[in-house]
Amino acid sequence: MSTTDKSVFERRESEARSYCRSFDTVFTKAVGSEMTDEAGTTYIDFLAGCSSLNYGHNDPDMKQALVSHIADDGIAHGLDMYSVEKAAWLEAYENIILKPRGMDDYKIMMTGPTGTNAVEAAMKLARKVTGRRNIITFTNGFHGMTMGALSLTGNASKRAGAGNNCAGLCGVTHMPYDGAFGEGVETLKQIEMMLDNSSSGVDAPAAFIFEPVQGEGGLNAASNEWMQGVARLAKKYGAMLIIDDIQSGCGRTGTYFSFEEAGIEPDMITQAKSLSGFGLPFACLLIKKDHDIWKPAEHNGTFRGNTHAFVTGRVTLEKFWKDDAFQQEIHEKAMMLTSGLQAVADIVPNSRLKGRGMMQGIDVGGGELADDICARAFEKGLIIETSGADDEVVKVLVALTVPTETLRKGLDILLEAAREATASHKIAAE
């Protein structure tokens, strides 16, 4: 069997490449929650395209719908023109997602193909609606890598990619996220105090933006009370409330939207990642109808909507979200995940569980140990990554459709890798 000469990647691909450095093999096939490389080695996938494959690799129903669409010469790319596929997706989203949740007051804006495009559109619209510039974002937040979205991002290494371009990284205020100062410290009071003080240096905000569970920031999960508090502050100060549900949405935390249990009504909601259900680029921005003040082409882009993604995304909604059965399945697997991760935490000194739903992980106290655990796991057949300010969190983003036996097997591998890495670091410390 022929194998790929990996030197072509080193020779021609930019140094910006990242995931391949942790998972140094050439993949050829993926089904469900497993990926196979050229050598025929099969890995359990606990990364799922960084939550862009919530329904696993190559779902058969989505695949068949897409193959049929292509075989029938269906529209592949049509700018933002009307198509039967777009209409079908919009109607499914309206009837399956919005109306049952009492969210009929939202319009859907097709943005560029990735999450950062949806965030850029939200920032732009919030400033247009309010006439203000300042946007309040939160510590450890991650909202994208384009200049506007990057200004909202807290991580120093991500921001460093912009060099010294202050103009691109200004116009925002970073405030403490829920729990940023430790347990028992109420960050909402700190924020309100700053906004009430006319000499604090914090301008009246155009918007507040936050992730209900911070993916790249280390799986910090906001409480319902904190989310409700931010919604109250947004209303008090005449600002837009933007929820970034790009990684935490589409069922990842247990409900379709990650903020549902908090009972809040955002002015805007960003979605991407698993919106297509098939790993195809697709992002959108949900906007309260009163705020949809765009003029035609005022926010434009060649890839606003993806017809192939409309095809698979419709199947996703109809297959998984027409009733509560899939949501209950997520809840049951989340309990299994919590139990499995607790077993790992029990053998790693001073570690703790983070996140919620199927967006959980373990803070092991440092990036070196977390990296070692993930590297050993990969050697044993498990794909898993880290997150957090210092990469200190071992993060599980396995597909929501993962078979329970595969989930158990992956957690067993993680436990073994953690046991070996912890013992190795203990010996090194001694």
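Residues numbered from 1 in each chain as written. Predicted model: local features only at pLDDT ≥ 70, side-chain atom pairs only at ≥ 80, totals over all residues. Heavy atoms only, no water.

**Student:** What exactly am I supposed to notice about the side chain of Glu-216 here?
**Tutor:** One can find Glu-216 in the loop between β8 (213–214) and β9 (220–221). Polar contacts involving the side chain of Glu-216 include one to the side chain of Lys-395, which spans 3.1 Å. Among all residues touching Glu-216, those that are not within four sequence positions of it are Cys-50, Phe-142, Gln-247, Glu-385, Ser-387, Gly-388 and Lys-395. (Helix = DSSP H or I, 4+ residues; strand = E, 2+ residues; numbered from the N terminus. Polar contact = N/O pair within 3.5 Å; in protein donor to acceptor, adjacent residues only side chain to side chain. Contact = heavy atoms within 4.5 Å.)

**Student:** Explain the layout of surface pockets here, please?
**Tutor:** Empty space among the atoms becomes visible once a probe the size of a water molecule is rolled across them. Size it by volume and the largest pocket reaches roughly 1,200 Å³. Elements with a minimum of two residues in the lining of the largest pocket: α2 (19–22), α3 (48–51), α6 (115–130), α8 (156–159), α13 (367–379) and β16 (385–387). The residue inventory of the lining of the largest pocket, partitioned by class, reads 16 nonpolar, 16 polar and 11 charged. Taken as a whole, the second largest pocket spans an internal volume of roughly 740 Å³. Forming the walls of the second largest pocket are 25 residues, and the residues nearest its centre are Lys-107, Ile-108, Met-109, Met-110 and Asp-292. Those elements giving two or more residues to the lining of the second largest pocket turn out to be α5 (84–98) and β4 (106–110). No other element matches α5, which puts 6 residues into the lining of the second largest pocket. (1 Å grid on protein atoms, 1.4 Å probe; cavity = no way out; pocket = protein on both sides within 12 Å on 5 of 7 lines; lining within 4 Å. Points joined across faces, edges and corners; volume = space filled by probe spheres on them. Nonpolar A, V, L, I, M, F, W, Y, C, P; charged D, E, K, R; others polar.)

**Student:** Just checking my understanding: could you explain the environment of Ser-424 for this structure?
**Tutor:** Topologically, Ser-424 is positioned in helix α14 (residues 404–429). Residue class for Ser-424 comes out partly exposed when judged on its relative accessible area of 31%. Taking the C-alpha atoms as reference, Ser-424 lies 9.4 Å from Leu-369; in sequence the two are 55 residues apart. Separated by 3.5 Å, the side chains of Ser-424 and Arg-376 make a polar contact. (Buried < 20%, exposed > 50% of the residue type's maximum accessible area, 1.4 Å probe, protein only.)

**Student:** Even after reading the chapter, I still don't get the packing of aromatic side chains, so can you show me in this structure?
**Tutor:** Aromatic rings considered in pairs are described by the distance between their centres and by the relative angle of their planes. In this structure the tally under the stated criterion is 20 aromatic pairs. Seen in terms of ring centroids, Phe-210 and Trp-226 are 5.2 Å apart; in terms of plane orientation they differ by 75°. Their pairing is edge-to-face. Pair noted here: Phe-210 is in strand β7 (residues 207–210) and Trp-226 is in helix α10 (residues 224–236), with a separation of 16 residues, a long-range link. With a relative accessible area of 1%, Phe-210 lands in the buried category. You can call Trp-226 buried: its relative accessible area is 2%. (Phe/Tyr/Trp six-rings, centres within 6.5 Å; stacked < 30°, edge-to-face > 60°.)

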